[in-house]
Every structure is written in C-alpha cells, then in structure tokens.
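# Report on the structure
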Amino acid sequence: YTILRLRERSFLKQDDGSKNIYKAMLYLNNNYMTDVTSEELASMCNLSATTFRMLFKKYNNTSPIKYKNHLRMVHAKEMLSSGLYTVSELVNCCDLAHFNKLYKNEFGVNPSRDIPKSVEKYK
C-alpha cells in the first residue's frame with residue numbers, strides 16, 4: 001500500500017498509459033487472492049494484453065503475475081508471523097510444493113521458519 005501511494009503521484013502526472021497500470025496495481029492489491037489473468041487485467045485497463053504486459057513491466061520491473069505472487073507471499077508471511085495460521089491453512093486446497101517454492105524464492109527460507117516457535121509447539 002505504501003509503495004502504491006508513493007508511486008501514485010508520478011503515475012497520475014504522466015499520460016503514457018501509467019494511469020491504466022496503476023488501476024491494475026490497485027486491483028491486484030485489493031484482490032491478490034483472486035486468480036486473475038494478465039488478459040483480464042489488460043481488459044480492465046482498456047489495453048491490449050501485449051501493451052499491458054509491456055507497460056506493467058516498465059513501471060514495476062516485473063510481470064503482473066509475479067507481482068500478484070509477491071503480494072500473496074507478503075500477506076502469507078504476515079499471517080504466518082502472527083502465529084494464528086499454519087502453512088496448510090494458508091495453502092488450503094492449492095499445491096503445497098508450489099507455495100513453498102514461491103515463498104522460498106521470495107524470502108529465502110521455508111514458510112515454516114516464519115511461524116513463531118512459541119506457537120509451533122501447540123499446533
């Protein structure tokens with residue numbers, strides 16, 4: 001959220017498609033758990049899929065899907081650190097191996113390492 005607020009001013013001053021990218025970023029930040037595709041985001045922004053991906057990468061140095069995965073992992077880390085959730089509760093019905101891989105790529109450790117030790121022994 002803080003990153004979005006800092007970028008908001010520069011995005012809104014430009015007239016090169018960045019306003020559309022900002023809309024997609026807001027949508028992803030508010031709906032990071034939905035399975036939205038780049039094509040759907042492009043459609044929301046009234047851009048072609050190719051133009052949308054190019055502009056998104058230009059302003060964020062990453063693809064829309066990697067950005068969404070980053071948001072998911074940041075929220076997962078917060079939830080794990082709270083001690084109120086386990087890895088299996090966060091993954092629910094999704095692929096645990098894929099979740100572990102994304103988490104480790106993002107933070108360099110397995111998700112179980114971010115569960116507070118005092119909570120871990122009671123689960």
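The rules behind these values
- Residues numbered from 1 in each chain as written.
- Predicted model: local features only at pLDDT ≥ 70, side-chain atom pairs only at ≥ 80, totals over all residues.
- Heavy atoms only, no water.
- Salt bridge = Lys/Arg side-chain N within 4 Å of Asp/Glu carboxyl O.
- Helix = DSSP H or I, 4+ residues; strand = E, 2+ residues; numbered from the N terminus.
- Buried < 20%, exposed > 50% of the residue type's maximum accessible area, 1.4 Å probe, protein only.

### So, the pattern of salt bridges
Counted according to the given criterion, the structure contains 3 salt bridges. One salt bridge in this structure joins Glu39 and Arg53, with 2.4 Å as the shortest N-O distance. Residue Glu39 is located in helix H3 (residues 38–44), and its partner Arg53 is located in helix H4 (residues 49–60); the two are separated by 14 residues in the primary sequence. The exposure class of Arg53 is partly exposed, given its relative accessible area of 32%.

### Description of unusual backbone geometry
Of note, the phi angle at Asn46 is positive, near 60 degrees, even though the residue is not glycine. Mapped onto the elements of the fold, Asn46 is located in the loop between H3 and H4. The backbone of Asn61 shows a phi angle near 60 degrees, a positive value even though the residue is not glycine. Mapped onto the secondary structure, Asn61 falls in the loop between H4 and helix H5 (64–82). The exposed category is assigned to Asn61, whose relative accessible area is 67%.

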